[in-house]
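Observations on the model geometry
The primary structure of each chain is shown beneath.
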Amino acid sequence: MSAGTQKPSAARRALPLTIAATVVVVFLPPGWLGWVGWFGDLAALAIAPASQPAKMVGDWLDPARSRAVDADAEALAERLSQLELLLHQAQERAGDLERRLAEVEEWRLLYPDVDIDPLGASVIGATSDPTDRELIVRAGSKHGVTPNTVAVIRRDAQLVGRVTRASTLTCRVRPITDPTAPRIEGRIMFDAEGNGLRCSLKPAGDGTLVGDVGESVGPRPIEPDQIEAGMTVRLDDNTWPAHAQMLVIGHVESVTDDPDKGLRKIVTVRPSVELDRISELVLWRVPSPEEDG
Amino acid sequence: MNRILFAVLAWVALGLETGLRPAFAVGDGRISPSLVLPVAVYIALFATPLAATWGCLILGVLLDLTSGRAVVGPYALAYLLLAQTVIQARGVMMRRNPIVLVLLSVLGGIIVSIVVVAVLTFRALVYGQPAGWHGGAELGVRLLGALYTGLVGFVMALVLLPMTELFGFPQEVRRFARRS
């Protein structure tokens, strides 16, 4: 690149080959690009000492907005959220047990008693692409994190997302509000007994999730007209692990009529914090059977 | 070009890109500036064509690796094209004027946006549509981000231009020399 006679010519010779290789690689099928993730994790790890202080500065300049008013209220809200989560999970579990009492053996297979091993981890950055923003988290396979590990925020049992890839020391979490995240099924909670309305939510791209309101769940029939802003929406999706069910997706921000489907309602749900701006989270690891034994 | 200084600058720029970018995001949180792009434009403005091409290629590959998409190439090719554009244009520009870096950052952002969206859309059409991929919307967001990059480019120009001597770039040769 600079002085010398050999090196510049070598660099000049290598350039067309490198460009040709790049052109070839960019059109390779996804199945042939598995090695990219390894190099990507390495790059993320290498720039972590620069990105983490930058993120701290960014968080200080523009902190993630939260609904908590002060420390006491936040502590009470945290405790209330934990109790609500425990209550809903217990009710959900009891309901399942009632329904499946006659099929105990099958129940054990379908819904085993899973232990959760929470691991607090800091978010050290985000992916550089502006429209595909996964969180880079300082915890990896060395710490027992695997793909599909559920990530939450400790404070209010808020679901963050799932791990998409885990390298040795870091992992990537795709927030549920990321525009590329898949659709998620939720339940708009009307009371502590678990009565509610199903909803199928899709990330809107502005930090909210938007989707159709579905049928009523629970013994008490509920009409979509009864939905009000502020109601809690919890995860009720069979594609997620059992231990993640009933985690908080967010709160109803608005309810509108579906212009295409007459009387159907469209609900907009906003998580309690901006999920792509959090600085730490908790990964719910599932101990492997070998560890239990 | 001082390679060690380039490596440090690339490292810092990538760290800022992944760490600070969300704090700069506006609108619905998707429109954000690039902090690597002004660095690439700066390198392409002052380095020899060969060093500028390699430098931009390396920055593009690093962006691909940290983009979260399991593919190398969209940013690498885009930054290559950016380098060639700046190399062609720099002869008729006042390189040490911060406004030049701003304008070329915006232009570069537009080039990068078009190439990246074109490549990713092609891949989406050939290998299947990833969830949430809408080429038109992606391009719109990225083009607005390119304009935003121009603003950041001005601030970065104030930092980068005084460092020009440290990089050991070749002396600027004026195309229109005074007749003796």
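Read on for an overview of the structure.

Thresholds applied
- Residues numbered from 1 in each chain as written.
- Chains lettered and ligands numbered in written order.
- Predicted model: local features only at pLDDT ≥ 70, side-chain atom pairs only at ≥ 80, totals over all residues.
- Heavy atoms only, no water.
- Salt bridge = Lys/Arg side-chain N within 4 Å of Asp/Glu carboxyl O.
- Helix = DSSP H or I, 4+ residues; strand = E, 2+ residues; numbered from the N terminus.
- Buried < 20%, exposed > 50% of the residue type's maximum accessible area, 1.4 Å probe, protein only.
- Pairing = 2+ DSSP bridges.

So, the pattern of salt bridges
On inspection of all chains with the given rule, the structure shows 13 salt bridges over all chains. Salt-bridge contacts for Asp41 of chain A lead to Arg172 of chain A; the nearest nitrogen and oxygen are separated by 3.9 Å. Placement of Asp41 of chain A in helix α2 (residues 34-61) and of Arg172 of chain A in strand β5 (residues 171-175) is noted, with a sequence separation of 131 residues between them. Residue classification places Asp41 of chain A among the buried residues on the basis of a relative accessible area of 10%. What makes Arg172 of chain A buried here is its relative accessible area of 2%. When the shortest N-O distance is used, the salt bridge between Arg21 of chain B and Glu17 of chain B registers 2.3 Å. You can see Arg21 of chain B and its partner Glu17 of chain B sitting in helix α1 (residues 3-24), four residues apart, about one turn around the helix. For the residue pair Arg21 of chain B and Glu17 of chain B, the accessibility class agrees, reading buried in each case. Connected through salt bridges with shared partners, the residues Arg187, Arg198, Glu215 and Asp236 of chain A form a single ionic network.

Side note on the pairing of strand β3 (residues 150-153) of chain A
Residue and element names in this part refer to chain A. Taking every second residue as pointing to the same face, both faces of β3 are buried, with Val150 and Val152 on one and Ala151 and Ile153 on the other. Pairing geometry for β3 and strand β4 (residues 158-166), over four bridges, is antiparallel. For Ile153, the partnering residue across the bridge sits in β4 and is Gln158. Inspection of the sheet shows β3 paired to strand β12 (residues 280-285) by three bridges, in the antiparallel sense. Looking at the pairing, Ala151 lines up with Leu283 of β12.

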